[in-house]
Every structure is written in C-alpha cells, then in structure tokens.
Amino acid sequence: MHYFSTNRTSPHVSFRDAVLTGQPADRGLYFPSEIPTHSVAFLGHLAGKSKEDIAFETIRPFVAGDIDDRSLFEICSETVDFDFPLIGVTESIWALELFHGPTLAFKDVGARFMSRCLGYFSRGRNEKTVVIVATSGDTGGAVAAGFHGVENVEVVILYPRGKVSKIQELQLTTLGGNVTTLELQGDFDDCQALAKTALADVDLNSRVHLTSANSINVARWLPQQFYYFYALQQWEGSPPVFSVPSGNFGNIASGILAHTTGLPASKFIAACNANDVVPRFLRTEHYEPRDSIATLSNAMDVGNPSNFVRILEILGSDFVDLKEKLEAVSVSDETTAETMRHVYEQYDYILDPHGAVGFRALADHLREHPDQRGIFLETAHPVKFDSVVEILGTQGSVPGGIAELYKKEKISIEIPNDYSRLKEFLFSKI
Ligand SMILES: *Cc1c(COP(=O)(O)O)cnc(C)c1O
C-alpha cells in the first residue's frame, strides 16, 4: 500500500510520508493505492468487538506497517477513548452522536489520531514539525487539543475572524504553549487557500518542516471511517441510509471509503447548507466552486470542498454510478431552524444546526422511500452554537468544562489575507 496524488504528478509515498507532508507538491490529495476489503469474520461480528479493536482493524491496512501493531493499537485506544452512541430519535431515524470527545465535535477523532501518529513519527527526529490548519470552526479546537503539548510539534491555526462561534473561538485561542492562533481577515476558503499555498511553497518547505492537519491529511481523514463501523455495531436490520452533514466532504468521503471496504450501507446523503456546490454538481454535472456563504451551520460553510475529489476517486467518475450511491441536498437556514424546533417539540431531542441539516436531508429522503431507515451523524454538541438558544430557548445540558473555558483568556494574532505575512510568521516558528 502506498499513497498517490489525485493530481497524478507527484511521486507515490508511504503512509508515513503522506502524514508528514500532508499534501503532495502538485496540490492534489493523497489517496491509498488499494482499497482493502475487510473479512466477513470482522464485518459479521462487529457487535462483539471493542471500540479499540474496530479502530485498529479498520485502520491497520491503511497504515501498511509504518507503525508497529502494538503502538498502533495504543494510538487507536487513546483516540477513541469516549462514547459514540446511536440514539433513536423517530421510528426510522437514529442519531449517531459524535460529540462526546474533548472539544464536543466529531473532529476530535481525526485530530487525536493524527497527533499521535505525528508524535510517533517525530520520535527520534530532532527537527520540529510545524502543523498548519485552516478551520471553519471545529477543526481548530480539535487540533489544538489533540496536539497540545506534543513534543517537537508547533501548531499554527488559521481561522476566519468573526465567523466562528464563541465556544469554538475559545477552544482554539486559549491553549497557548505550542499552539498559535492566527485570526484572518477573510473567510474559511481564504484560510484554506493560504494553508494550501504554504504547503506547496517549495522555498518555505525547504526550510520549515510543514504539514497539514486538515482532512487533506490522511491521518485526519482515514480514522473517520471508525464512526460508520460504530454505527453498524449498534444497528439492527437492513443496511441504513447515512446522512452526513457536509462541508469539506472529508467525513462523508471516509464513510464511502468504509462502504467500499465492506461496510453495509444503502445510500449516502451529503447534507449541505446553502453552500451547495456538490448538490448542484449532482444535478448539472458541472462542478463550479463558489465563494462560501455564512450560515447557521458554520463548520460547513465551504465553497470549494477539498475532499470531493476523494469521493470521485472511490466511486469513479461515472456519473450514473455516482448518483447510485450518493445523493446531495441543500438545506436553507430557515428550514434548519424549523427542523430544530420541530424535532425538539415532537421528539424532545436537541439538534445542533449541523445535525439538523443531516436530520432534515434524511427525513426528506425517507419520505420518498418509506421502506428505508437511516442514521444521521450528529457532528457537534448543541452547546457549541449560540444559535441553539436563540432558536429553541434552551441548549439542553451543558457538559463539564464549558464554564472553565469562559474563564480563559483569548490569545490570537490578527493577520490580513496576505500570504507573505503568513510565510513570515511560519519562518519565525523554527
Ligand atoms: C467540520 C464539520 C462538518 C463538516 O465535515 P466535513 O468533513 O468538512 O464535510 C460538519 N459538522 C460539524 C459540526 C463540523 O465541525
């Protein structure tokens, strides 16, 4: 197993090098040369397995021996050290709650796995690795928490000023230590473009050992497959429809990858907000990136989703095949808020705005296909979003640690949307 670039120009690399460099020089994304298939012994007996075992078996073929089994098992155990409950909301809709980790959103899994891989690969190297990450809200906090205190690693977070929620901002600006946060005058796509420019800058990379902690990094992207196996572990009956709140399309791409390795699923729905590049693509066959639009589900405000090319790699670019497996819909803010109210009143379940987009897309699909049942991914805890209280008048129970967060001091550096300023700053980190 090796990793090739989706742009096909850069050389193939090992898992280790894919993690350490983040992105190939040709600005494609790394993609595994083979998609393994899991044995019936594994897939048929998920219910009897531990979370650690499932994580280990799922990821092991992709790591391809670059981390010894014992260390990999330990990394997996530390990564999935919290719950992933599947909760029935209606008769046909279940929520896979992915917000029980330290920063209350699903990105904890990828960030924890990647930080530990990087720690493993950096052991014994004297060089510092600088990890750069662009965030639309939740990635930054997860990466900050996952990498905080990891030896030989400096983390630089870029976030769009005024476009993340209060708790998200506190999670990504209050750790200090080896984590520095840059507040950009721009939107998420600007942050992502600057990070990608840095990763592709030959001059910079000859002097700074730079990698990405966005889902373009395979160590962030691949472990997201775990969720889908945990969902199946708790599921009874025919294969579910998975509805995945999508922005940069990393999470849903990992679900479709898991499906290709053998995970039963009847369909994947990419549930998008007003940022509808992929829904439009599936309607028109034209892929047209646009500037991102600010919505209630801010972590999905992405106008040019990076990981969509990985879905094309997995499913092939045959349009008919693609539509067989993948549906994509856009849900407006108005409908998102209405869904939150309805689900709270009818089922006493508090959705966050991202989960609400997923719920709604699934409910609409099931209305057309009443014989099916499905799971939506509840990707963040409602307490993370100020809008939940505004819409519902309550945010439900507040997890421990949130009160502490409000006592901490925000530390960030404001920068303009100007690559030369970022570059200067990155040089100062070595
Ligand atoms: C990041 C994020 C998403 C979108 O996930 P992608 O992998 O970027 O598609 C959805 N919901 C929440 C809460 C997120 O933080």
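Residues numbered from 1 in each chain as written. Predicted model: local features only at pLDDT ≥ 70, side-chain atom pairs only at ≥ 80, totals over all residues. Heavy atoms only, no water.

**Observations regarding the packing of aromatic side chains**
Applying the stated criterion across every chain, the model contains 23 aromatic pairs. Here Phe 31 and Trp 221 contribute two aromatic rings whose centre-to-centre distance is 6.2 Å and whose plane-to-plane angle is 40 degrees, an arrangement assigned as tilted. Pair noted here: Phe 31 is in strand S2 (residues 30–32) and Trp 221 is in helix H10 (residues 218–221), with a separation of 190 residues, a long-range link. For Trp 221, a relative accessible area of 0% translates into the label buried. Judged by centre distance (6.0 Å) and plane angle (85 degrees), the ring pair of Phe 106 and Tyr 227 falls under edge-to-face. Here the residue Phe 106 occupies a position in the loop between strand S4 (93–97) and helix H5 (107–122), and Tyr 227 occupies one in helix H11 (residues 225–233), the gap between them amounting to 121 residues. The same class applies to Phe 106 as to Tyr 227, namely buried. An aromatic cluster is present here, built from Phe 82, Phe 84, Phe 106, Tyr 227, Tyr 228, Tyr 230, Phe 242 and Phe 268 joined pairwise through their rings. Cation over ring: Arg 310 sits above Trp 221, and NZ or CZ is 4.3 Å from the ring centre. (Phe/Tyr/Trp six-rings, centres within 6.5 Å; stacked < 30°, edge-to-face > 60°. Helix = DSSP H or I, 4+ residues; strand = E, 2+ residues; numbered from the N terminus. Buried < 20%, exposed > 50% of the residue type's maximum accessible area, 1.4 Å probe, protein only. Lys NZ or Arg CZ within 6 Å of the ring centre and 35° of its normal.)

**Side note on the pattern of salt bridges**
In this structure the tally under the stated criterion is 19 salt bridges. In this structure, Lys 128 and Glu 154 form a salt bridge, with 3.7 Å as the shortest nitrogen-oxygen distance. With a gap of 26 residues between them, Lys 128 in the loop between H5 and strand S5 (129–134) and Glu 154 in strand S6 (residues 153–160) connect regions that are remote in the sequence. By relative accessible area, Glu 154 is classed as buried at 13%. Of the charged contacts in the structure, one is a salt bridge between Lys 407 and Glu 404, with a shortest N-O distance of 3.1 Å. Taken as a pair, Lys 407 and Glu 404 lie in helix H19 (residues 402–407) at a separation of three residues, close to a single helical turn. Residue classification places Lys 407 among the exposed positions, given a relative accessible area of 63%. (Salt bridge = Lys/Arg side-chain N within 4 Å of Asp/Glu carboxyl O.)

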